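Listed below are the residues making up each chain.
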Amino acid sequence: MGGLRGYMVVVMLFVHSSSSVKSADVPCQPPNTTEYFNSLPSLPSLADNFHVWVEIKVDGSNKSELVEETVVYSYNLAALRILSNGVETKTIFSYDTQETFVVTGTNCTVHNISAEPYLFIVGEQISDGMAYLPTGATSLFFGPLIVKVYAGKETVRGMECDRWHACVSTPTMNFTVDYYFTVHDWQTPSGYPQVPVRYVVKGQQALDSGSPSPFSRVYEFFGYEAENNIDQSVFETPRGVVCPGRKSLKNIPQITSKFYHYRVETVDGLNTIVTAAEVWYDYESKLYRYDYHMPNADALSEVHDFNFGARYQTDVFSGRCTPMALDENSQTPG
């Protein structure tokens, strides 16, 4: 289940792997002693299954974005619903197949989740120079290699919070992260102890070989809930939307029987038409029979004879039989 536990939405400026950055002024070097770290409260863990709302503000801009995030660790799935300037985008993260499905309107595109240990970047998830980075157990915000230093208590939005501070340095950026969680004895609406309240990310990055540019993001978390019974439909693409190139976790079963019979009902939601049919296949005899009844029409029975390339359509009520040649759309036995 690599890359999902501790998952949380973060937005950063998009980074090109060939970029270089000067050292940013983001010092935080705590004493490197076991006694020091053992004396500090550790950063709270997120629930395996949770739902949360995040409002994201980009300092120096006149915009904000709203993100709804749902995570189910046991299914190795996460979903983001992003609202930006009136446009809604849904992104589904499938860690079993290392894919993301990005849906805007009726359009869906499939992308690979980056295997880089510190940055999970999906190139198409860029909005006005921003890219969404889900952060899991090996990623840059909750990664075990990133030292989080306890920095005391502060009041955020009227709530008493514990604060942790971290420095992150990559080949393309240097920045600090401040994490704010409610103190342990704060009564949260969901009853879950120490929920996330705010993240503040500040630093520098370079998109080319020039001087690094400063950036700052503030993430306000609302309505964090640890849930055991999350509606699984949140991880499904909308009805009628197809994602070309998506990997399949299951193959369509192959029918091996030489002869079989079944009934089928077809629902045309667009034209509000329901039709029923009964089908017989005989692979060895190369015969196919199809009985059906269309709305406002007589019941029909068709026999397709693949030995002679003939098709016989019979009106069940009148008994009239009309022979025709098989065409390329005819059903093939087996």
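This text gives an overview of the structure that appears in the document.

About the criteria used
- Residues numbered from 1 in each chain as written.
- Predicted model: local features only at pLDDT ≥ 70, side-chain atom pairs only at ≥ 80, totals over all residues.
- Heavy atoms only, no water.
- Helix = DSSP H or I, 4+ residues; strand = E, 2+ residues; numbered from the N terminus.
- Buried < 20%, exposed > 50% of the residue type's maximum accessible area, 1.4 Å probe, protein only.
- Disulfide = S-S within 2.5 Å.
- Pairing = 2+ DSSP bridges.
- Axes fitted to C-alpha atoms, helices over the stretch in contact; angles between N-to-C directions.
- Core = buried A, V, L, I, M, F, W, Y, C linked by side-chain atoms within 4.5 Å.
- Polar contact = N/O pair within 3.5 Å; in protein donor to acceptor, adjacent residues only side chain to side chain.
- Contact = heavy atoms within 4.5 Å.
- Phe/Tyr/Trp six-rings, centres within 6.5 Å; stacked < 30°, edge-to-face > 60°.
- Lys NZ or Arg CZ within 6 Å of the ring centre and 35° of its normal.
- Salt bridge = Lys/Arg side-chain N within 4 Å of Asp/Glu carboxyl O.

Positioned with a positive phi, Thr272 is a non-glycine residue whose angle comes to about 50 degrees. Inspection of the secondary structure puts Thr272 in the loop between β15 (259-268) and β16 (273-282). At Lys286, a residue that is not glycine, the phi angle is positive and equals roughly 60 degrees. With respect to the helices and strands, Lys286 occurs in the loop between β16 and β17 (287-293).

Tracing the chain through its elements places Arg239 in the loop between β14 (213-226) and β15. Residue classification places Arg239 among the exposed positions, given a relative accessible area of 86%. C-alpha of Arg239 to C-alpha of Thr106: the two residues are 133 residues apart in sequence and 9.2 Å apart in space.

Turning next to the state of the cysteines. As enumerated under the stated definition, the model contains 1 disulfide in all. One disulfide in the model links Cys108 with Cys243; its S-S distance is 1.9 Å. Torsion about the S-S bond of the Cys108 and Cys243 cystine: about 95 degrees, corresponding to right-handed handedness. Of this pair, Cys108 sits in strand β7 (residues 107-112) while Cys243 sits in the loop between β14 and β15; the two residues are 135 residues apart in sequence, bridging distant segments of the chain. By relative accessible area, Cys243 is classed as buried at 9%.

Take the sheet that holds β15 next. Taken together, the 6 strands give an open sheet; going across it, the order is β15-β16-β17-β18-β19-β20, and neighbouring strands pair in antiparallel fashion. Since the sheet does not close on itself, it has two edges, and those belong to β15 and β20 (321-325), each with one partner. With strand direction ignored, the average angle separating the axes of adjacent strands in the sheet is 20 degrees. Of the pairings in the sheet, the one linking β15 to β16 comprises 10 bridges and is antiparallel in character. Bridge assignment links Thr266 to a residue of β16, and that residue is Thr275.

Turning our attention to the nonpolar core. Phe50, Val54, Phe175, Tyr179, Phe181, Tyr219 and Tyr224 are the most contacted members of the largest nonpolar core, which totals 31 residues. Residue contributions to this core peak at 5 residues, all from strand β12 (residues 173-182). Counting residues in hydrophobic clusters, the runner-up holds 7 residues, among them Val156, Cys161, Val197 and Val200.

On to the side chain of Thr182. Relative to the elements of secondary structure, Thr182 occurs in strand β12. With relative accessibility at 0%, the residue Thr182 sits in the buried group. Here Val195 takes part through its backbone nitrogen, which lies 3.0 Å from a polar atom of the side chain of Thr182. If near-sequence neighbours (up to four positions away) are discounted, Thr182 is found in contact with Met159, Glu160, Cys161, Asp162, Thr188, Gln194, Val195 and Val197.

With that settled, consider the packing of aromatic side chains. Here a ring pair, both rings aromatic, is described through the centre-centre distance and the interplanar angle of the planes. Enumeration over the complete set of coordinates arrives at 13 aromatic pairs. Their ring planes at 65 degrees and their centres at 4.8 Å tell us that Tyr199 and Phe221 sit as a pair that is edge-to-face. Here Phe221 lies in strand β14 and Tyr199 lies in strand β13 (residues 196-205), a separation of 22 residues in the sequence. Look at Tyr199 and you get buried, because its relative accessible area is 1%. By relative accessible area, Phe221 is classed as buried at 2%. Ring geometry for Tyr281 and Tyr288: centres 4.9 Å apart, planes at 45 degrees, overall tilted. Summarising the burial analysis for this pair, Tyr281 and Tyr288 share the class buried. Aromatic ring contacts, followed pair by pair, group Tyr150, Trp164, Tyr179, Phe181, Tyr199 and Phe221 into a single cluster. The positively charged end of Arg246 is found above the aromatic ring belonging to Phe101, 4.0 Å away from the centroid. Over the face of the ring belonging to Trp280 we find Arg289, whose NZ or CZ atom lies 4.3 Å from the ring centre.

In total, this model carries 11 salt bridges according to the counting rule given. Close ionic contact of Asp162 with Lys153 constitutes a salt bridge, the shortest N to O distance being 3.4 Å. Accessibility expressed as a relative area gives 51% for Lys153, which makes it exposed. Three or more residues joined by partner-sharing salt bridges are found here, namely Glu68, Arg81 and Glu88.

Sheet architecture is open: 11 strands sit in the order β7-β6-β5-β4-β3-β2-β14-β13-β12-β11-β10, paired in antiparallel fashion. On the outer flanks of this sheet lie β7 and β10 (148-156), each paired with one strand and no other. Strand-to-strand twist across the sheet, computed as the mean angle between neighbouring axes with direction ignored, equals 20 degrees. Summarising the sheet, strand β2 (residues 49-58) and β14 pair through 8 bridges and their orientation is antiparallel. Opposite His51, over in β14, you have Glu225 as the bridge partner.

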